[in-house]
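# Breakdown of the fold
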Number of protein chains: 2
Amino acid sequence: MEKLYIVKIGGNVIDNETDLHAFLESFAAIKGNKILIHGGGKIATRIAEGLGIEQTMVNGRRITDKQTLDIVVMTYAGLINKNIVAKLQSFSSNAIGLCGADANIILSHKRAVGEYDYGYVGDVDAVDTAMLQGLLALNLTPILSPITHDKNGVLLNTNADTIAQEIATACAAVYDVSLIYSFEKNGVLADINDERSVIQNINASSFTQLKNDGVISDGMLPKLENALKAIDLGVSKVIIGKADQLHELIQGQKGTTIGK
Amino acid sequence: MEKLYIVKIGGNVIDNETDLHAFLESFAAIKGNKILIHGGGKIATRIAEGLGIEQTMVNGRRITDKQTLDIVVMTYAGLINKNIVAKLQSFSSNAIGLCGADANIILSHKRAVGEYDYGYVGDVDAVDTAMLQGLLALNLTPILSPITHDKNGVLLNTNADTIAQEIATACAAVYDVSLIYSFEKNGVLADINDERSVIQNINASSFTQLKNDGVISDGMLPKLENALKAIDLGVSKVIIGKADQLHELIQGQKGTTIGK
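Bear in mind that the values here come from a model prediction, so they are computed numbers and not experimental data.

Another point: the confidence of the model for chain A. When pLDDT is averaged along chain A, the result is 94; 100% of the residues meet or exceed 70. If you check the scores for this complex, the pTM reads 0.96 and the ipTM reads 0.95.

The next point concerns helix α8 (residues 220-232) of chain B. Residues and elements named next belong to chain B. In a regular helix each residue adds 1.5 Å, so 13 residues correspond to 18 Å; α8 covers 18 Å between its end C-alpha atoms and thus fits that length. Those residues of α8 not exposed but buried are M220, K223, L224, N226, A227, L228, A230 and I231. One or two residues past the end of α8 sits G234, with phi positive at roughly 105°.

Residue and element names in this part refer to chain B. Put simply, helix α7 (residues 204-212) and α8 touch, their axes get as near as 11 Å, and they point 165° apart. Considering the angle they form, α7 stands roughly antiparallel to α8. You can see that α7 and α8 cross each other, and the crossing is left-handed. Facing A204, F207 and K211 of α7, the residues of α8 in contact are L221, L224, E225 and L228.

On to the relation of the copies chain A and chain B, then. The second copy of the chain is related to the first by a rotation about an axis and a shift along the axis. Note on the identical chains: chain A maps onto chain B by a rotation of 180° and an axial translation of 0.0 Å, with an RMSD of 0.0 Å. Taken together, the rotation and translation describe the operation of a two-fold axis. Taking C-alpha positions as the reference, the residue of chain A nearest the rotation axis is A:G78, at 1.8 Å.

A common way to express how large an interface is: the accessible area buried when the components associate. Tallying the contact residues gives 38 residues for chain A and 38 residues for chain B. Between chain A and chain B, the buried area comes to about 3000 Å², and carbon and sulfur atoms account for 70% of it. The largest contributions to the chain A side of the interface with chain B come from A:M74, A:K82 and A:Q89, which together make up 19% of the buried area. A salt bridge links A:D102 to B:K82; the nearest nitrogen and oxygen atoms lie 2.8 Å apart. When contributions to the side of chain A that touches chain B are tallied by element, the ones reaching two or more residues are α3 (43-50), α4 (66-90), β5 (95-98) and α5 (129-137) of chain A. At 14 residues, α4(A) tops the list of elements feeding residues into the side of chain A that touches chain B. Grouping the constituent residues of the side of chain A that touches chain B by class yields 19 nonpolar, 14 polar and 5 charged.

Cut-offs used in this document
Residues numbered from 1 in each chain as written. Chains lettered and ligands numbered in written order. Predicted model: local features only at pLDDT ≥ 70, side-chain atom pairs only at ≥ 80, totals over all residues. Heavy atoms only, no water. pLDDT = per-residue confidence, 0-100. Helix = DSSP H or I, 4+ residues; strand = E, 2+ residues; numbered from the N terminus. Expected span 1.5 Å × (residues − 1). Buried < 20%, exposed > 50% of the residue type's maximum accessible area, 1.4 Å probe, protein only. Axes fitted to C-alpha atoms, helices over the stretch in contact; angles between N-to-C directions. Parallel < 35°, antiparallel > 145°, perpendicular 65-115°, else oblique. Left-handed = near helix turned anticlockwise from the far one by under 90°. Contact = heavy atoms within 4.5 Å. Least-squares fit on C-alpha atoms with pLDDT ≥ 70 in both. Buried area = accessible area lost by both parts, 1.4 Å probe. Salt bridge = Lys/Arg side-chain N within 4 Å of Asp/Glu carboxyl O. Nonpolar A, V, L, I, M, F, W, Y, C, P; charged D, E, K, R; others polar.

Structure representation (structure tokens):
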């Protein structure tokens, strides 16, 4: 099977122009099939504040009401996505910026109201792998913003880590997929205050151990659960590590590798 | 040659949700290859006002400084483009929303500073026809926002009428192209106050006559110049008419037809 690199880049890198520039230059240098999924960063919050639209957070998550959805679509699928595409084009990478509604790449449904109503938030139902293959066959590099749609004309705010995992598992049927979660830390850390304490390898059983021992913290739990789910569903390798070490991550020289 | 319909939709239709919905439903019903180019409408101005960013106009044109460019990218390539795509998807049209930077579809350069500095405004240099063919061959319907790029990482605000004409002339080499400029009027009017005074046919020589007689007004001049240029460069037919009569326009039953 052909190799496919799926890279998720976090908000902290997007918020820093110098870091983003360096990251995109190294992403552009990856040879062969690749897909980038980006998060949102703080720009949406800044614009919402500027427009006087109040943001409600519940359990550290933004409630996406209609006004917030509009801002999220503008900034994620517009400002951030198109600036990433323009930068990659300047590095001779033929990037194509998409949200999940484009080419019906990611179909989702509005999350059911449970204890909380998260508003216009989507849970993924399906990825059109054949369409992604078609775009990759045109030598294009899809750049996905974390917005999906429900096929009834409604756009939905969707977790970027989850999108990366869903795309990776869907593509695992036709590609040898490596999924890279790049962010501001060196990897999964045994001691959150020590960047040298990277745990090199994690699998399902060591994850359970680390969780029970309280080594892995809140924010890292869903990321690792996504990673293990991806491995379970056929993704060859998941690597978590620092955005400015992208090539070392890909070669398995740095970061945390999640495997069987 | 296969037929290709290229439709430009103006700002007034975009600003009215009911009109836009009806237009997109009839656009989705066009069979075969089609491309939609949309303008901006008043949303960008509203958001700029909300954020307290002053807009400078010269000769009825917006000066695109860096802050204004960001807003234009957000609203045109983000909010408007993705909502159009989601709506078309709900009408079972496999739309893909793009700006000119995506897949390097439209390359431009920043307009040289002459009497005025229009800022981040692009004049088109090249259209990647082969890439558009590739996307159409995947049964996709490209939805283009009027943002282009210079291949040096800079996004540029670009006139949507001009983009429609450039795409149409580039595609005329490989498709039998009909270019439809749809807006809020019934067509080119002999009397601007009488919607029944549609001029049914215009060619280069009758255009000169109408211009000399002062029948054609300011706003219509560049539209007709774009239309005649398209015809001159191989586009089969250009039709100017009302957005809610799209199918009649395509069949030549309504609006103004520009030809040789």
